Amino acid sequence: MKKNDCKICSGATVIIRDKKFQIDYYLCSDCEFIFMDEAAIVPPEQEVARYKEHNNSMENEGYVNMFKEFMKVAVDPYAERIKTALDFGCGPSPVLATLLQQKGFQVDTYDPYFAPEKTYETKCYDLITATEVFEHLQDPLQTAKLLKKHLNSGGILAIMTLFHPGDAASFSSWWYRRDSTHISFFRPRTFTVLAERLGLKVLTFDRKNVCVLTK
Ligand SMILES: [Zn+2]
């Protein structure tokens, strides 16, 4: 595997160069995964500072509604088979975890910066959510593999990350890319290939940002 080969499918990539900020990205010709050149990735201290700028609490109606929309697609249709859940990458305030608890699920949280205790290590879950997580991952395949390991058979892996627009020109002017902590970008096809590689099944996508897989 060459340095800039796709981190999901090992396929060949083409370079997308941001001349203004001097950042290179690589777009996979097969699975459409885009990833930032490792030299441009910000160090963890800056990453945490950036997360703390967000106003992510139960009082922020827009933020709560975003999760309610997510749950309509990714959780509610499967609620009958869910008793236990892990919110992986919960962030500084566990809004989604609270909403999941309100459904009657037993919920654990994990976040490398804000809830670092790895409670999940000895457990498996009926549902794992990873919202606004995958765009921050340097090695999404590895993380997806870890999450699969902690899913019960028939369990749901529900991911939310904004799908990129597809072509290099639209990607270059895309606002979502401007957050310096966003380093990995996906399309439904990317998750389909990722699922095949890991032996997961795709249950559904929405048009915008939701991907639901099962084990
Ligand atoms: Zn690929």
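So, a few notes on the structure that sits alongside this text. (Residues numbered from 1 in each chain as written. Predicted model: local features only at pLDDT ≥ 70, side-chain atom pairs only at ≥ 80, totals over all residues. Heavy atoms only, no water.)

1. Some points on the coordination of the zinc ion
Note on the zinc ion: its protein donors are Cys6 (SG), Cys9 (SG), Cys28 (SG) and Cys31 (SG). The metal-donor distances range over 2.3 Å. Taken together, the four donor atoms coordinating the zinc ion and their angles of 99 to 121 degrees define a geometry best described as tetrahedral. In primary sequence terms, the donor set of the zinc ion follows C-x2-C-x18-C-x2-C. The pair Cys6 / Cys9 is uniform in exposure class, with both members buried. (Donors = N, O, S within 2.8 Å, 3.2 Å for Na, K, Ca; no water. Tetrahedral: all angles 85-135°; square planar, octahedral: opposite > 155°, others 65-115°. Buried < 20%, exposed > 50% of the residue type's maximum accessible area, 1.4 Å probe, protein only.)

2. Points about the side chain of Asp37
Its location among the elements puts Asp37 in the loop between strand S3 (34–36) and helix H1 (44–52). Given the relative accessible area of 12%, Asp37 is considered buried. Of note is the side chain of Asp37, whose polar atom sits 2.6 Å from the side chain of Tyr26. Among the polar contacts made by the side chain of Asp37, one reaches the main-chain amide nitrogen of Ala39 at a distance of 3.0 Å. Once you skip the residues sitting within four places of it in the chain, Asp37 turns out to touch Lys3, Asp24, Tyr25 and Tyr26. (Helix = DSSP H or I, 4+ residues; strand = E, 2+ residues; numbered from the N terminus. Polar contact = N/O pair within 3.5 Å; in protein donor to acceptor, adjacent residues only side chain to side chain. Contact = heavy atoms within 4.5 Å.)

3. Quick word on unusual backbone geometry
Residues other than glycine predominantly adopt negative phi, and peptide bonds predominantly adopt the trans conformation. Backbone geometry at Ser10 places phi at a positive 65 degrees, although glycine is not the residue there. In this structure, Ser10 sits in the segment before strand S1 (13–18). In this structure Ser10 comes out as partly exposed when scored by relative accessible area, which is 35%. Even without being glycine, Gln22 reaches a positive phi, approximately 50 degrees. Within the fold, Gln22 resides in the loop between S1 and strand S2 (23–28). The class for Gln22 is exposed, based on a relative accessible area of 71%.

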